[in-house]
Amino acid sequence: MKTYKILTLFPLILLMISLSACGFKPLYSSNETHEGNAPYSPLAEIEISNIPDEEGQILRNHLIDRFYASGYPQNPKYRLDVARINAQTRDLDVTIRSDATREQIRLTTQLALFDIKAQKVILTRSLSAVGSYNVLESQYTTYVSRSDIRENLIQDLALQVERHVMLALERQHQAQ
């Protein structure tokens, strides 16, 4: 039995050794500290501009929650601009009577990360998130489904923004 356990752990140990040897570094890890004992995060140095419309404000709130673990930046190095969120809805399943029973929502936006000191754009990206929901006879149930999918798609956009920004800042840090 011990031989079996050792043989099953061997590939895992080999993988961990090979990852550490290739220079792999987790994106969100950092040994640096900033302002006392709080871990340093480059996201805390980004000012998030206002985003138009209700969906934009919800996205901005999600980004604030993700970026500012220890408060708003006092002297931000970067500014994140996110364009208005465009929503497109289309029918996916149409019955013989031309009633839709399933709809798809696609949210799209663009982001730009601006280096304040250098006065240049570091990153521009187009982002999109797609989801679908059932259209039922109950209008309230359909409304709740539509609201839930929009909230999930906005959270997905926030995650995409965070990943793109982190990767861009990591590339810039490595280039310096």
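Our structure's up above, just so we're on the same page.
Every value quoted in this text rests on a predicted model; they were computed, and no experiment measured them.

## Some thoughts on the overall build of the protein chain
The helix and strand inventory of the protein chain stands at three helices and five strands. Helices and strands appear in the protein chain in the N-to-C order α-β-α-β-β-β-β-α. A total of about 12000 Å² of accessible surface is found on the protein chain, and carbon and sulfur atoms cover 52% of it.

## Some remarks on the pattern of salt bridges
Within this structure, the stated rule accounts for five salt bridges. The partner of glutamate 45 in a salt bridge is lysine 77, and the shortest N-O contact between them spans 3.5 Å. Of this pair, glutamate 45 sits in the loop between α1 (2-21) and β1 (46-48) while lysine 77 sits in the loop between α2 (53-67) and β2 (78-82), placing them 32 residues apart in sequence. Residue glutamate 45 is classed as buried on the basis of its relative accessible area of 12%. Using a relative accessible area of 44% as the deciding quantity, one classes lysine 77 as partly exposed. The partner of aspartate 81 in a salt bridge is arginine 79, and the shortest N-O contact between them spans 3.1 Å.

## Brief notes about the nonpolar core
In this structure, Ile46, Leu59, Phe67, Leu80 and Val165 are the most contacted members of the largest nonpolar core, which totals 31 residues. At the level of secondary structure, the elements contributing two or more residues to this core comprise β1, α2, β2, β4 (100-115), β5 (120-134) and α3 (139-175). By residue number, the principal contributor to this core is α3, which donates ten residues.

Conventions we followed
- Starting from 1, residues in each chain are numbered consecutively following that chain's sequence as written.
- Per-residue local features are limited, in this predicted model, to residues with pLDDT of at least 70; the limit for side-chain atom pairs, both in listing and counting, is 80 or more; totals at the level of whole chains, interfaces and linings are taken over all residues.
- Note that water and hydrogens are dropped before the side-chain values are worked out from all heavy atoms of the structure.
- Secondary structure elements are taken from DSSP: a helix is a run of H or I of four residues or more, a strand is a run of E of two residues or more, and numbering for both begins at the N terminus.
- Only the protein chains shown count as cover for residues, with accessible areas throughout obtained via the Shrake-Rupley method and a probe of 1.4 Å.
- Note on definitions: salt bridges are taken to be side-chain nitrogens of Lys or Arg within 4 Å of carboxyl oxygens of Asp or Glu.
- Burial classes: relative accessible area under 20% of the type maximum marks a residue as buried, over 50% as exposed, and values in between as partly exposed (1.4 Å probe, protein chains only).
- We define a nonpolar core as any set of buried Ala, Val, Leu, Ile, Met, Phe, Trp, Tyr and Cys residues linked to one another through side-chain atoms lying within 4.5 Å.

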